[in-house]
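Listed here are the chains, written in short residue letters.
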Amino acid sequence: MIRTVQNELEMIRNRGLLRSTRLVSGRQAARVICNGLDVLMLCSNNYLGLADHPALAAASMKAIEQYGTSSGASRLVSGTMELHERLEQAVATFKKSETALIFNSGHAANTGIIPALVGRGDVVFSDRLNHASIIDGILLSRARLVRYPHNDVHALARLMDEHSAGRCLIVSDGVFSMDGDIAPLKELAALKRSHGALLMIDDAHGCGVLGEQGRGSAELLGVGDEVDIQMGTFGKALGSFGAYAAVSAELRDLLINRARSFIFSTSLPPSVLAASQAAVEIVQAEEGDQLRERLHANTRFFRDSLVAAGFSIPDGTTQIVPLIIGPTDTTMQFSEALLAEGLFAQGIRPPTVPEGTSRLRFTLMATHIRSDLAAAVECICTVGRRLGVV
Ligand SMILES: *Cc1c(COP(=O)(O)O)cnc(C)c1O
């Protein structure tokens, strides 16, 4: 059969995996207008509610007035703007690293950083549940990809003994994006030391949320100094857009010279850099502590209520709460039914998660109101019973 675009799409549709986007009007907040309906947002990574914070918007508008709307080119071509430099200094202070380098997105960071560190003849040890952008980065690097079972440090140790040629890189999500559990960073740091490897953590979901002042998962587990590359994003808890690598000055120089997504792409514009700067300040301030407290309280309430209602969810403590259903069709029916009832919770299916583990992925926000969450759990229960999954 000739593979046309049409039958390519047909194949995806037949497997129940056809994706499309939903129109949301207005701001990304705790409640949004979706398809004209006022719904509770339960699938945004805007964990602290900073995406519509007035301080970020004000900083952004001021930056446009002062610096205009574009950076003009790659920083290696038309220059680093003051705002890039200021944000990198702020991130290095926040993360307690020697330096930091800004990337255009988390995806661009991972696909730029990994090939800058390893290549043909080297090995990357990657958790099975790592984010797709990490896999993309490894594939681009042409290094050997060795996947280890999720969070299984004993299996990783054995694999590292078996594959010791060339340079070695261990890479893991800090907080797993679809499961909400935290990587065993202390053990990963020990393996990095014993095997002379580099350690990279993608903290897209830990930055701003975990650890003292929201410094992230490495800070929470006391290994901030041992992680060679702490990558994190501005687009989730920080309510802006883009990403950073908190690294040594030497590694930063290497990334500037080797990371193709840094070299060959126009750098972030003033409005985005200024919003990120404002967010980095807020998460470290008292306001950040208050927002984190509210987020963690909402998370505890939601997790406990789901369990009390008879749902079984994987153990965990973070704001990402997976309700694993299994079959893709039931998962998507569940998600659709919830939306009709005023709850926006995305169904997650392969290839984002392994075959047979389709799920609803609920995410909590500091700005959720308790009564909305209580009503949501009741609704999830009613719909779950109707579909026979609880
Ligand atoms: C969202 C995400 C990314 C990509 O970040 P963007 O800034 O959205 O491109 C990378 N890694 C993880 C773990 C993520 O969840």
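Residues numbered from 1 in each chain as written. Predicted model: local features only at pLDDT ≥ 70, side-chain atom pairs only at ≥ 80, totals over all residues. Heavy atoms only, no water.

**Q** Which parts of the structure should I look at to understand a nonpolar patch on the surface?
**A** A cluster of nonpolar side chains, namely V5, L9, I12 and L18, defines an oily patch on the protein surface of about 320 Å² accessible area. Here L18 lies in the loop between α1 (5-14) and β1 (24-25). Accessibility expressed as a relative area gives 32% for L18, which makes it partly exposed. (Patch = residues over 30% accessible without salt bridge, like charges linked within 9 Å, V, L, I, M, F, W, Y side chains within 5 Å. Areas by Shrake-Rupley, 256 points an atom, 1.4 Å probe, with all protein chains shown as cover. Salt bridge = Lys/Arg side-chain N within 4 Å of Asp/Glu carboxyl O. Helix = DSSP H or I, 4+ residues; strand = E, 2+ residues; numbered from the N terminus. Buried < 20%, exposed > 50% of the residue type's maximum accessible area, 1.4 Å probe, protein only.)

**Q** Where do I start with the pairing of strand β11 (residues 320-326) in this structure?
**A** In the case of a regular strand, side chains alternate between the two sheet surfaces. Of all 7 residues in β11, 6 are buried; the element is thus mostly enclosed. When β11 meets strand β14 (residues 358-363), the two strands line up antiparallel, connected through 6 bridges. Bridge pairing in β14 places I324 opposite R359. (Pairing = 2+ DSSP bridges.)

**Q** Help me understand the domain arrangement of the protein chain, please; the structure alone is not making it clear to me.
**A** As a measure of interface size, the accessible area lost when the parts come together is often cited. Taken domain by domain, the protein chain comprises domain 1 (16-45 + 286-387) and domain 2 (69-284). Here the C-alpha centroids of domain 1 and domain 2 sit 27 Å apart. On the side of domain 2, 19 residues touch domain 1, which itself brings 19 residues to the contact. For the pair domain 1 and domain 2, the two sides together bury roughly 1,400 Å², of which 56% comes from carbon and sulfur. Run the count over domain 1 and domain 2 and you get 1 salt bridge. The salt bridge partner of D179 is R359, with a shortest N-O separation of 3.1 Å. Viewed at the interface, domain 2 and domain 1 are joined by 10 residue pairs in polar contact (both at pLDDT 80 or more). Elements represented by at least two residues in the side of domain 1 that touches domain 2 include exactly α13 (286-308), β11 and β14. The greatest single-element share of the side of domain 1 that touches domain 2, amounting to 7 residues, is contributed by α13. Residues of the side of domain 1 that touches domain 2, tallied by class, amount to 6 nonpolar, 7 polar and 6 charged. (Domains from an automatic or database assignment. Contact = heavy atoms within 4.5 Å. Buried area = accessible area lost by both parts, 1.4 Å probe. Polar contact = N/O pair within 3.5 Å; in protein donor to acceptor, adjacent residues only side chain to side chain. Nonpolar A, V, L, I, M, F, W, Y, C, P; charged D, E, K, R; others polar.)

**Q** Just checking my understanding: could you explain the site of the ligand for this structure?
**A** G106, H107, D202, H205 and K236 are the nearest of the 13 residues found near the ligand. Contact between the ligand and G106: an oxygen atom at 2.7 Å from a main-chain N or O atom of the residue. Within the contact set of the ligand, an oxygen atom lies 2.9 Å away from a backbone nitrogen or oxygen of H107. Protein coverage of the free-state accessible area of the ligand, which is 380 Å², stands at 84%. (Near = heavy atom within 4 Å.)

**Q** Whenever I open this one, the packing of aromatic side chains confuses me. Can you help?
**A** Note on aromatic pairs: each is described by the distance of the centres and the angle between the planes. Inspection of every chain in the model, using the stated rule, returns 3 aromatic pairs. Plain terms: the ring middles of F234 and Y244 are 5.6 Å apart, the flat faces sit at 55° to each other, and that makes the pair tilted. Taken together, the positions of F234 in the loop between β9 (229-233) and β10 (243-247) and Y244 in strand β10 put the pair 10 residues apart, joining distant regions of the chain. We note that F234, like Y244, is buried. (Phe/Tyr/Trp six-rings, centres within 6.5 Å; stacked < 30°, edge-to-face > 60°.)

**Q** Mind showing me how you'd approach the pattern of salt bridges here?
**A** Any two side chains of opposite charge can pair, on the condition that their charged atoms come close. Tallied over the entire structure, the rule returns 14 salt bridges. Here D122 and R167 are joined by a salt bridge, their closest N and O atoms 3.3 Å apart. Remark: R167 occurs in the loop between α7 (153-162) and β7 (168-173) and D122 occurs in the loop between α5 (106-117) and β5 (123-127); sequence separation between them is 45 residues. Residue classification places R167 among the partly exposed positions, given a relative accessible area of 46%.

**Q** Looking at this model, I keep getting lost on the packing of helix α2 (residues 54-67) against helix α12 (residues 270-284). Mind explaining?
**A** Helix-helix packing: each pair is described by the crossing angle between the helix axes and the interaxial distance. In contact at an axis separation of 7 Å, α2 and α12 are set at 145° when each is read in the N-to-C sense. With respect to the hand of their crossing, α2 and α12 are arranged in right-handed fashion. Here A55, L56, A59, S60, A63, I64 and Y67 of α2 come into contact with α12, specifically with P270, S271, V272, A274, A275, A278, A279 and I282. Of the residues belonging to the contact of α2 with α12, the class tally is 13 nonpolar, 2 polar and no charged. (Axes fitted to C-alpha atoms, helices over the stretch in contact; angles between N-to-C directions. Left-handed = near helix turned anticlockwise from the far one by under 90°.)

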